[in-house]
Amino acid sequence: MNPRNALSGLDSLLVVRTLDQGTIGDLGRLFDSSSATRGCWCMWFIIPVKDFHAGHGEQNGRLFAALVERERVPMGLLAYAGSEPVGWIAAGPRSRYVRAVKTPTLRDGDPLENDSVWLVSCFFVRQEFRRRGITGILLDEAVTLAGRHGALAVEGFPTKGNRIGAADSQVGTEYMFAKRGFRPVREPSTNRVIMRLELQAR
């Protein structure tokens, strides 16, 4: 990924890199910066809830590392300010997110598309770097990555509108997705909307 111009308030260039075995330690450092992500390892939408809680910490980390090694496409992207990891986006084929596609939010999606449509399942930005556009940059780069891997479309399930509470910060906002050309396709609940960007026409 190419370096980005310096963001407002950042002294260093922001660089976005695909996650691989060489950078998984940086993701661990990023997750350790917050009690909300420490021990999670973005396994919430992949494994059963009971397994997630039972393995919170090292076991979730081992499962995630195994996926990084095994999966054909990256598990996501890391944003760096200089050498410091400051942001993360989890994205990949919908079929990866086994538990997510069975939830009321996503279960109405076409299962025949699960391998060809990508899902943006989670964002995380270190608290002191928030409100500087990093989440949007990560989403842009995830769309680019999906296109390179032949995805038909990219979907997210953000909070409706532009307001977001702490409990929903990991999914982004409808406004942020819409600003990048995503269109609403379903409203599975009063506070969530499925946003989709078609890639084949791009």
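Quick notes on the rules
Residues numbered from 1 in each chain as written. Predicted model: local features only at pLDDT ≥ 70, side-chain atom pairs only at ≥ 80, totals over all residues. Heavy atoms only, no water. Helix = DSSP H or I, 4+ residues; strand = E, 2+ residues; numbered from the N terminus. Buried < 20%, exposed > 50% of the residue type's maximum accessible area, 1.4 Å probe, protein only. Salt bridge = Lys/Arg side-chain N within 4 Å of Asp/Glu carboxyl O. Contact = heavy atoms within 4.5 Å. Core = buried A, V, L, I, M, F, W, Y, C linked by side-chain atoms within 4.5 Å. Phe/Tyr/Trp six-rings, centres within 6.5 Å; stacked < 30°, edge-to-face > 60°. Expected span 1.5 Å × (residues − 1). Pairing = 2+ DSSP bridges. Right-handed = clockwise from strand over helix to strand, strands pointing away.

## A short note on unusual backbone geometry
Of note in the backbone geometry, Trp41 takes a positive phi value of approximately 55 degrees without being a glycine. Here Trp41 shows up in the loop between α1 (24–31) and α2 (49–54). We classify Trp41 as buried; its relative accessible area is 16%. One non-glycine residue, Arg131, adopts positive backbone phi at about 65 degrees. Among the structural elements, Arg131 can be located in the loop between β5 (117–125) and α4 (134–148). On the accessibility criterion, Arg131 (87% relative accessible area) is exposed.

## Points about the pattern of salt bridges
If you walk through the whole model with that rule in mind, you get 14 salt bridges. One salt bridge in this structure joins Glu71 and Arg96, with 3.0 Å as the shortest N-O distance. Here Arg96 lies in the loop between β4 (84–93) and β5 and Glu71 lies in the loop between α3 (58–70) and β3 (76–81), a separation of 25 residues in the sequence. Measuring nitrogen to oxygen at the nearest pair gives 2.6 Å for the salt bridge that ties Glu198 to Arg196. Note on Arg196: relative accessible area 11%, which makes it buried.

## A closer look at the environment of Pro184
With respect to the helices and strands, Pro184 occurs in strand β7 (residues 183–186). Note: C-alpha distance between Pro184 and Lys160 (24 residues apart in sequence) is 9.8 Å. Other than its neighbours up to four places away in sequence, Pro184 contacts Val193, Ile194 and Met195.

## Looking at the nonpolar core
Grouped together as the largest cluster of nonpolar side chains are 31 residues, with contacts concentrated most on Ile89, Trp118, Val120, Ile134, Leu139, Phe177 and Phe182. Counting 30 residues, the second-largest nonpolar core is a separate cluster that includes Ile46, Tyr80, Phe124 and Phe157.

## Observations concerning the packing of aromatic side chains
Tallied over the entire structure, the rule returns 8 aromatic pairs. Considering the side-chain rings of Phe31 and Trp88, the 6.2 Å spacing of their centres and the 90 degrees angle between planes classify their relative orientation as edge-to-face. With Phe31 in helix α1 and Trp88 in strand β4, this residue pair connects regions lying 57 residues apart in the sequence. The class for Phe31 is buried, based on a relative accessible area of 3%. When the centroid spacing of 6.2 Å and the interplanar angle of 75 degrees are considered together, the rings of Phe123 and Phe177 count as edge-to-face. On the criterion of sequence distance, the pair formed by Phe123 in strand β5 and Phe177 in helix α5 (residues 174–179) is long-range, its members being 54 residues apart.

## Side note on the environment of Met43
One can find Met43 in the loop between α1 and α2. Among the residues examined, Met43 registers a relative accessible area of 2% and is labelled buried. Between the C-alpha atoms of Met43 and Asn60, which are 17 residues apart in sequence, the distance is 6.6 Å. Excluding residues within four positions of it along the chain, Met43 makes contact with Phe52, Asn60, Leu63, Phe64 and Leu67.

## Quick notes on α4
Here α4 contains 15 residues, and its C-alpha end-to-end distance of 21 Å stays within 8% of the 21 Å for a straight helix at 1.5 Å per residue. Within the sequence span of α4, burial applies to Ile134, Gly136, Ile137, Leu138, Leu139, Glu141, Ala142, Val143, Leu145 and Ala146. Positive backbone phi, at 80 degrees, marks Gly150, one or two positions downstream of α4.

## Here's the deal with the pairing of strand β6 (residues 153–156)
Of the two faces of β6, the one holding Ala153 and Glu155 and the one holding Val154 and Gly156 are both buried throughout. As defined by bridge partners, β5 adjoins β6 across 4 bridges and the pair is classed as parallel. Note on β6: the bridge partner recorded for Trp118 is Val154. Taken together, β5, α4 and β6 constitute a β-α-β crossover, and its handedness is right-handed.

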